[in-house]
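# Breakdown of the fold
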Amino acid sequence: MHDVDLLPLNDNLRYEFPEHGPLHISGPEFHPKYHYAAFIGGILLLRMEHFEQLNGMSNRYWGWGLEDDEFYVRIKEAGLEVTRPKNITTGTNNTFLHVHDRVHRRRDTTKCFNQREITRKRDRETGLNTIHYTIANRRALTIDGVPVTVLNVDLQCDKQKTPWCECESKADNANVAKVPAKKKGS
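Report on the accompanying structure. (Residues numbered from 1 in each chain as written. Predicted model: local features only at pLDDT ≥ 70, side-chain atom pairs only at ≥ 80, totals over all residues. Heavy atoms only, no water.)

### Comments concerning the overall build of the protein
- Each helix and strand counted, the protein has four helices and six strands in total.
- Reading the secondary structure of the protein in the N-to-C direction produces β-β-β-α-α-β-α-β-β-α.
- Within the protein, the proportion of its 186 residues that are buried is 32%.
- Taking all contacts inside the protein whose residues are at least 6 apart in sequence as the whole, residues at least 24 apart take part in 68%. (Helix = DSSP H or I, 4+ residues; strand = E, 2+ residues; numbered from the N terminus. Buried < 20%, exposed > 50% of the residue type's maximum accessible area, 1.4 Å probe, protein only. Contact = heavy atoms within 4.5 Å.)

Structure representation (structure tokens):
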């Protein structure tokens, strides 16, 4: 799993096969923004068998934020050990470029209904075994000689359990039809 807005700058970072458990490339000692010990977001490699053991990630998170914190709890409860890169001489200011423009690429942080309350709890009901989706399209690529399949999926929302999956952002509503008004005399 790799956040698209986090670009590695250090050539010594290795995206290695996570032999013994999850490998967290963008640990708190390297990430430009998040520095708490339980941080597991950014770039995380794990084996499919471990993802299945954890029942994947919760399906209760829509929009931006907190899904990786809940995933960290799943990892810890399963007894998996998270490893992080060793012997990296860069730090929080020069290991990654965090490309995020609050004006042009706003995060959907809107919380609706009881979403904030529900997503602060460990989800023991949803995950890989309850996800519903359709494959919108499939692309076969080759990257550095390695075949890769990219799937674009449409996630299906269970409005009974997560009514906020179709919550409209106030920011989106405000930007839909508004054009800045000109001041008189300009």
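From this point, the discussion proceeds with the structure in view.
### Structural notes on the pairing of strand 6 (residues 146–155)
- As defined by bridge partners, strand 5 (residues 133–143) adjoins strand 6 across 10 bridges and the pair is classed as antiparallel. Note that in strand 6 the partner of Thr134 across the bridge is Asp154. (Pairing = 2+ DSSP bridges.)

### Considerations on the layout of surface pockets
- Of the voids in this model, the largest pocket is the one considered here, and its volume is about 1,500 Å³.
- Surrounding the largest pocket, 50 residues form its lining, Met1, Met57, Ser58, Tyr61 and Glu67 being those nearest its centre.
- Sorting the residues of the lining of the largest pocket by element identifies strand 3 (44–45), helix 1 (48–53) and helix 2 (67–77) as the ones contributing at least two each.
- Among the elements that line the lining of the largest pocket, the one with the most residues is helix 2, at four residues. (1 Å grid on protein atoms, 1.4 Å probe; cavity = no way out; pocket = protein on both sides within 12 Å on 5 of 7 lines; lining within 4 Å. Points joined across faces, edges and corners; volume = space filled by probe spheres on them.)

### Brief notes about the environment of Thr92
- Examined against the element boundaries, Thr92 turns out to sit in the loop between helix 2 and strand 4 (96–98).
- We classify Thr92 as partly exposed; its relative accessible area is 26%.
- Spatially, the C-alpha atoms of Thr92 and His35 are 8.6 Å apart, while their sequence positions differ by 57 residues.
- Ignoring any residue separated from it by four or fewer positions in sequence, one finds Thr92 in contact with Pro28, Glu29, Phe30, His31, Pro32 and His35.

### Thoughts on the packing of aromatic side chains
- Taken as a whole, this structure holds three aromatic pairs when the rule is applied.
- Relative to Phe39, the ring of Tyr36 lies with its centre 5.7 Å away and its plane at 70 degrees, an arrangement referred to as edge-to-face.
- Under the relative-accessibility criterion, Tyr36 is labelled partly exposed at 34%.
- Residues Phe51 and Phe71 carry aromatic rings whose centres are separated by 6.1 Å and whose planes lie at 55 degrees to one another, so their mutual orientation is tilted. (Phe/Tyr/Trp six-rings, centres within 6.5 Å; stacked < 30°, edge-to-face > 60°.)

### Points about the state of the cysteines
- Under the counting rule described, the total for this entry stands at one disulfide.
- Covalently, Cys157 is tied to Cys165 through a disulfide, its sulfur atoms 1.5 Å apart.
- Judged by relative accessible area, Cys157 falls into the partly exposed class, the value being 24%. (Disulfide = S-S within 2.5 Å.)

### With respect to unusual backbone geometry
- Even without glycine at this site, Asn55 takes up a positive phi of about 60 degrees.
- On the secondary structure map, Asn55 appears in the loop between helix 1 and helix 2.
- On the basis of relative accessible area, Asn55 is assigned to the buried category, the value being 19%.
- Phi angles above zero are rare outside glycine, and Asp144 is one such case at about 50 degrees.
- Within the element layout of this structure, Asp144 appears in the loop between strand 5 and strand 6.

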